[in-house]
Amino acid sequence: MPRRKHHNVYVVELDGAVWKKWKFRKANPGCAEGCKCYYVGMTGLSPEDRFENHKEGYKSNKYVKLYGLRLCPLLYEEYNPLSYSDAREMEVELANILRRRGHAVWQN
């Protein structure tokens, strides 16, 4: 049976003020203040609906709720849609891609 491809990865640009959070800085030791900050996630919803849920506080990540500015579809739309297992893998890979580009990333 083929895997259903109805999951998505997504990237949210975070306000640079997130850099003041010790836990965020600790997760990004190779970055310095002023670098671009992102959150990378995966969802069974559309990225737009998931971002809205974050901002409303429903099953939200605290960094996205407090510091999320906008979705960055140019960074993720080419990968969607994905099966659940592929989305889990791509979430990690996408976070690593952004880190290699010198960005600070939060990814669960």
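The rules behind these values
Position numbers for residues count from 1 along each chain, tracking the sequence in the order it is written. Selection of residues for local features in this predicted model requires a pLDDT of at least 70, selection of side-chain atom pairs for listing and counting requires 80 or more, and totals for whole chains, interfaces and linings are taken over all residues. By convention in this description, side-chain values take in all heavy atoms of the structure and omit both hydrogens and water. Strands are runs of DSSP state E lasting at least 2 residues, helices are runs of H or I lasting at least 4, and numbering of each runs from the N terminus. Put simply, the radius of gyration uses C-alpha atoms, and a globule should come to 2.2 Å times the residue count raised to 0.38. Using a 1.4 Å probe on the protein chains alone, a residue whose accessible area is under 20% of its type maximum counts as buried, one over 50% counts as exposed, and one in between counts as partly exposed. The Shrake-Rupley method, run with a 1.4 Å probe, gives the accessible areas here. Residue values count only the displayed protein chains as cover. Positive residues here are Lys and Arg, negative ones are Asp and Glu, while His and the chain termini are left out of the count. Think of each charge as sitting on NZ of Lys, CZ of Arg, CG of Asp or CD of Glu. The directions considered for the arc run from the helix axis to the C-beta atoms. Should any heavy atoms of two residues lie within 4.5 Å, those residues are considered in contact. Just to be clear on terms, a salt bridge is a Lys or Arg side-chain nitrogen sitting within 4 Å of an Asp or Glu carboxyl oxygen.

**Description of the overall build of the protein chain**
Helices and strands together make up the secondary structure of the protein chain, namely four helices and four strands. Its C-alpha radius of gyration of 14 Å places the protein chain within 12% of the 13 Å reference for a compact globule of 108 residues. Summarising its shape, the C-alpha atoms of the protein chain cover approximately 45 × 30 × 20 Å along the three principal directions. When the 108 residues of the protein chain are sorted by exposure, 46% land in the buried category. Of the roughly 6,500 Å² of accessible surface on the protein chain, 50% is carried by carbon and sulfur atoms. If the 19 positive side-chain charges of the protein chain are averaged to one point and the 13 negative ones to another, these points end up 8 Å apart.

**Here's the deal with helix α2 (residues 47-56)**
Of all the positions in α2, only P47, R50, F51, N53 and H54 are classed as buried. All buried residues of α2 fall inside an arc of 155° around its axis, so they share one side. Elements in contact with the buried residues of α2: β1 (8-14), β2 (37-43), α3 (62-67) and β3 (68-71). Positioned one or two residues after α2, G57 has a phi angle of 90°, which is positive.

**Details of the pattern of salt bridges**
Scanning the entire structure with this criterion turns up three salt bridges. Here E13 ties to K36 by a salt bridge, and the two come within 3.2 Å at their closest N and O atoms. With E13 in strand β1 and K36 in the loop between α1 (22-26) and β2, this pair connects stretches of sequence that are 23 residues apart. Classification of E13 as buried rests on a relative accessible area of 13%. Since its relative accessible area comes to 41%, K36 is described here as partly exposed. One continuous salt-bridge network, built from bridges that share partners, spans E13, K36 and R70.

Interpretation in functional terms is not warranted from these geometric data alone.
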